[in-house]
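A structural walkthrough
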Amino acid sequence: TRDIAEQMASQDIDIGLVEGPVEERGLVAEPWRTDIMRLIVAADHPFSEAPDAIDPKGIESETLIVREPGSGTREVVARALAAHGIEPGRTLEVGSTAAIKQSVVAGLGISIVSAAAITDQLRLGQLKTVPIRKMTIERTLWQLKLPGRIAAPAAVAFEKMLHDRGIIPEAGAA
């Protein structure tokens, strides 16, 4: 999130869709979607056999695989866990959601990621989602804009495609 915001502010990129809060000077962040986060485990992890939602404190005895500092996903997960008094005993930091999924499949730990990012692994039976008792993690996804910037034709076409597919709302409809 931080890297994308910096690239938008320096006009290195034309469109920014990010997962976390942005406080970059000169940028406008507009909400475009609510994202649900899910606890994921390897298909053979003991949590996958739980008949009901797990106790949130169970996360503390696991290795929690997290994104790098500056990641919106990491910030959202950390705040949600802290709000429930959960302090992971061990963490493993990786640089992408793809690396998190591979690490969880390999049995290196558990993680909390966007439900939208795990559909393929769930369908293939590589990962399982596990509900956490009395805990739902949602976040707002944001579209970044740089006021006064003239958009490149490719960026205009891409944004139109996102609008047409219902991925982002029409300007002013958010």
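To keep things clear, this report deals only with the structure shown in the data block.

Rules used throughout
- Residues numbered from 1 in each chain as written.
- Predicted model: local features only at pLDDT ≥ 70, side-chain atom pairs only at ≥ 80, totals over all residues.
- Heavy atoms only, no water.
- Helix = DSSP H or I, 4+ residues; strand = E, 2+ residues; numbered from the N terminus.
- Contact = heavy atoms within 4.5 Å.
- Areas by Shrake-Rupley, 256 points an atom, 1.4 Å probe, with all protein chains shown as cover.
- Core = buried A, V, L, I, M, F, W, Y, C linked by side-chain atoms within 4.5 Å.
- Buried < 20%, exposed > 50% of the residue type's maximum accessible area, 1.4 Å probe, protein only.
- Polar contact = N/O pair within 3.5 Å; in protein donor to acceptor, adjacent residues only side chain to side chain.
- Salt bridge = Lys/Arg side-chain N within 4 Å of Asp/Glu carboxyl O.
- Pairing = 2+ DSSP bridges.
- Right-handed = clockwise from strand over helix to strand, strands pointing away.
- Arc of directions from axis to C-beta.

**Concerning the overall build of the protein**
Helix and strand content of the protein: 5 helices and 7 strands. The helix and strand sequence of the protein, counted from the amino end, reads α-β-β-β-α-β-α-β-α-β-β-α. Each principal axis of the C-alpha distribution contributes one length, and for the protein these read about 55 × 30 × 25 Å. The contacts of the protein with a sequence gap of at least 6 include a subset with a gap of at least 24, amounting to 77%. Summed over its atoms, the accessible surface of the protein is roughly 9,700 Å², and 50% of this surface lies on carbon and sulfur atoms.

**Considering the nonpolar core**
Among the nonpolar cores identified, the biggest contains 19 residues, and L39, L81 and I112 are the most heavily contacted of them. With 4 residues, helix α2 (residues 72-83) is the single largest residue contributor to this core. Setting aside anything within four residues of it in sequence, one finds I112 in contact with M37, R38, L39, L64, T73, V77, L81, I132 and I137. Membership of the second largest hydrophobic core comes to 8 residues, among which are V94, V113, I118 and L127.

**Considerations on the side chain of K101**
Assignment of secondary structure puts K101 in helix α3 (residues 97-105). Here A117 takes part through its backbone oxygen, which lies 2.7 Å from a polar atom of the side chain of K101. Ignoring sequence-local partners within four residues, the contact set of K101 consists of A117, I118, Q121 and L127.

**Some words on the pattern of salt bridges**
Under the criterion given, the structure shown has 9 salt bridges. Between R149 and D14 there is a salt bridge; the shortest N-O distance is 2.7 Å. Separated by 135 residues along the polypeptide, R149 in the loop between β7 (137-145) and α5 (153-164) and D14 in the loop between α1 (2-9) and β1 (16-18) bring together distant segments of the chain. When its relative accessible area of 36% is taken as the criterion, D14 is described as partly exposed. Ionic pairing is found between D164 and K160, a salt bridge with its closest N-O pair at 2.7 Å.

**Comments concerning the environment of T73**
Among the structural elements, T73 can be located in helix α2. With near-sequence residues (within four places) excluded, T73 lies in contact with E19, M37, R67, I112 and R139.

**Some points on the pairing of strand β3 (residues 63-66)**
Both faces of β3 are covered, namely the face carrying T63 and I65 and the face carrying L64 and V66. In terms of strand pairing, β3 meets strand β4 (residues 90-93) through 4 bridges, oriented parallel. By the bridge assignment, T63 is partnered in β4 with R90. Note that the unit made of β3, α2 and β4 has a crossover that is right-handed.

**Some remarks on α3**
Of all the positions in α3, only I100, K101, S103 and V104 are classed as buried. Down the axis, α3 shows its buried residues gathered within 165° of arc, on one side only. Looking at the buried side of α3, the elements it contacts are β2 (28-42), β3, β5 (111-114), α4 (119-123) and β6 (127-130). Phi turns positive, to about 85°, at G107, one or two residues after α3.

**Focus: the side chain of T73**
On the basis of relative accessible area, T73 is assigned to the buried category, the value being 6%. A polar contact of 2.7 Å, which involves the side chain of T73, links it to the side chain of R139.

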